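# Overview (structure and organization)
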Amino acid sequence: MSGLISPTLEQAGFAKSKIAIAIKWVARLDGLSQYWRFSEILEVPAGAKIRFKMAGITEVPYISEVLFGHDEGDTVRTRLYLDATQGRPAYMKQKGDITGTVDGIDMDESYPLDGLTHQVELSVANTFYIKDIGAHNNGQTYFLQGCVYDFEILIDEVITYKMPLANKPQGATQLATVGNVNATMANYSSDVWESGNANS
């Protein structure tokens, strides 16, 4: 996460306005075979925060992977996923030493399946590894149907890595706007893109 790429706002998938800077496009994963794979495993250190937005999620049939990270043999060390297997409304569950909130509410409560945009913030107590967004273990199972975007890592409240996942012209491979680890969508189709305002 030592590199720095600084394209213009338009190149990064943002739209300018007099009021605010807003995400113009988001990519909706199909829940069947699409997910994001980072070009290198992200190692998020203890004390850091992870922030991102999720949108367009209206159902979790069983388990939907959000962030998948480090595994050793058959043992998964770090992951974050939506769980609907416990006879209760879907909620966020983790493997690894993190705590988190959805829109400021403890992520263990429930995740709103209203299709709207929700802010997720995680606090890392021990190194957390991330290599995929939206699928489990190299795209083998637990595909997420919906959008994950505006992904950031903060250390001492400073953004040290930023991946908007919002640049339609870049297509399948998205470039980080802070840092040098990029992300590529498996089984990409240009049909994944939709207006960033649709789920707000």
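Position labels on residues start from 1 in each chain and follow its written sequence. For this predicted model, a pLDDT threshold of at least 70 governs which residues receive local features, and a threshold of 80 or more governs which side-chain atom pairs are given and counted, while totals over whole chains, interfaces and linings are taken from all residues. Neither water nor hydrogens contribute to the side-chain values; these are computed over all heavy atoms in the structure.

## Re the environment of Asp-191
Filter applied, for reference: Think of it this way: any DSSP run of H or I at least four residues long counts as a helix, any run of E at least two long counts as a strand, and we number them from the N terminus. The rule is simple: take the accessible area with a 1.4 Å probe, protein chains only, and divide by the maximum for that residue type; under 20% is buried, over 50% is exposed, in between is partly exposed.
Mapped onto the fold, Asp-191 is located in the loop between β19 (183-186) and β20 (193-195). Judged by its relative accessible area of 69%, Asp-191 falls in the exposed class. Remark: the alpha-carbon pair of Asp-191 and Asp-30, spanning 161 residues in sequence, is separated by 9.9 Å.

## Focus: the confidence of the model for the protein chain
To keep things clear, this is the line we draw: pLDDT expresses, on a scale from 0 to 100, how confident the predictor is about each individual residue. The contact criterion used is simple: two residues touch if any of their non-hydrogen atoms lie within 4.5 Å.
Taken over all residues, the pLDDT of the protein chain has a mean of 88, while the share at 70 or more is 84%. The model gives residues 1-21 a pLDDT under 50, and that stretch makes 47 contacts with residues more than four places away or in other chains.

## Digging into the sheet that holds β19
Formally: We call two strands paired when DSSP finds no fewer than two bridges between them.
In space, the seven strands of this open sheet follow the order β11-β10-β7-β15-β5-β19-β18, with antiparallel pairing throughout. Edge positions in the open sheet fall to β11 (91-95) and β18 (173-174), since each of these has one partner strand only. With five bridges joining them, strand β10 (residues 79-83) and β11 adopt antiparallel strand pairing. Among the inter-strand pairings, Leu-82 is bridged to a residue of β11, identified as Met-92.

## Quick word on the pattern of salt bridges
Cut-off, in case you're wondering: Salt-bridge detection follows one rule: a side-chain nitrogen of Lys or Arg within 4 Å of a carboxyl oxygen of Asp or Glu.
Using the criterion set out here, one finds ten salt bridges in the structure. One salt bridge in this structure joins Arg-37 and Asp-132, with 2.3 Å as the shortest N-O distance. In this pair, Arg-37 is assigned in strand β5 (residues 35-44) and Asp-132 in strand β15 (residues 128-133), connecting sequence segments 95 residues apart. With relative accessibility at 29%, the residue Arg-37 sits in the partly exposed group. For Arg-51, the salt bridge goes to Glu-152, with nearest N and O atoms at 3.0 Å. With a gap of 101 residues between them, Arg-51 in strand β6 (residues 49-55) and Glu-152 in strand β16 (residues 145-155) connect regions that are remote in the sequence. Each of Arg-51, Lys-53, Asp-150, Glu-152 and Lys-162 takes part in one network of salt bridges that share partners.

## Topic: the packing of aromatic side chains
The cut-off we apply is this: In summary, the pairing rule links any two rings of Phe, Tyr or Trp, Trp by its six-membered ring, whose centres are within 6.5 Å, and it sorts them by plane angle into stacked for under 30 degrees, edge-to-face for over 60 and tilted for everything else. Put simply, a charge is over a ring when the Lys NZ or the Arg CZ is close to the ring centre, within 6 Å, and near the line of the ring normal, within 35 degrees.
Following the criterion strictly, the structure yields six aromatic pairs and no others. On the basis of an interplanar angle of 70 degrees and a centroid distance of 6.2 Å, the ring pair of Phe-38 and Tyr-161 is categorised as edge-to-face. Remark: Tyr-161 occurs in strand β17 (residues 158-163) and Phe-38 occurs in strand β5; sequence separation between them is 123 residues. Taking the centre distance of 6.0 Å and the plane angle of 25 degrees together, the rings of Phe-52 and Phe-151 count as stacked. With Phe-52 in strand β6 and Phe-151 in strand β16, this pair connects stretches of sequence that are 99 residues apart. Relative accessible area serves as the criterion here: at 0%, Phe-52 is assigned to the buried category. Over the ring of Tyr-91 we find Arg-88; its NZ or CZ atom is 3.7 Å from the centre of that ring. The side chain of Lys-168 reaches across the aromatic face of Trp-25, ending 4.1 Å from its centre.

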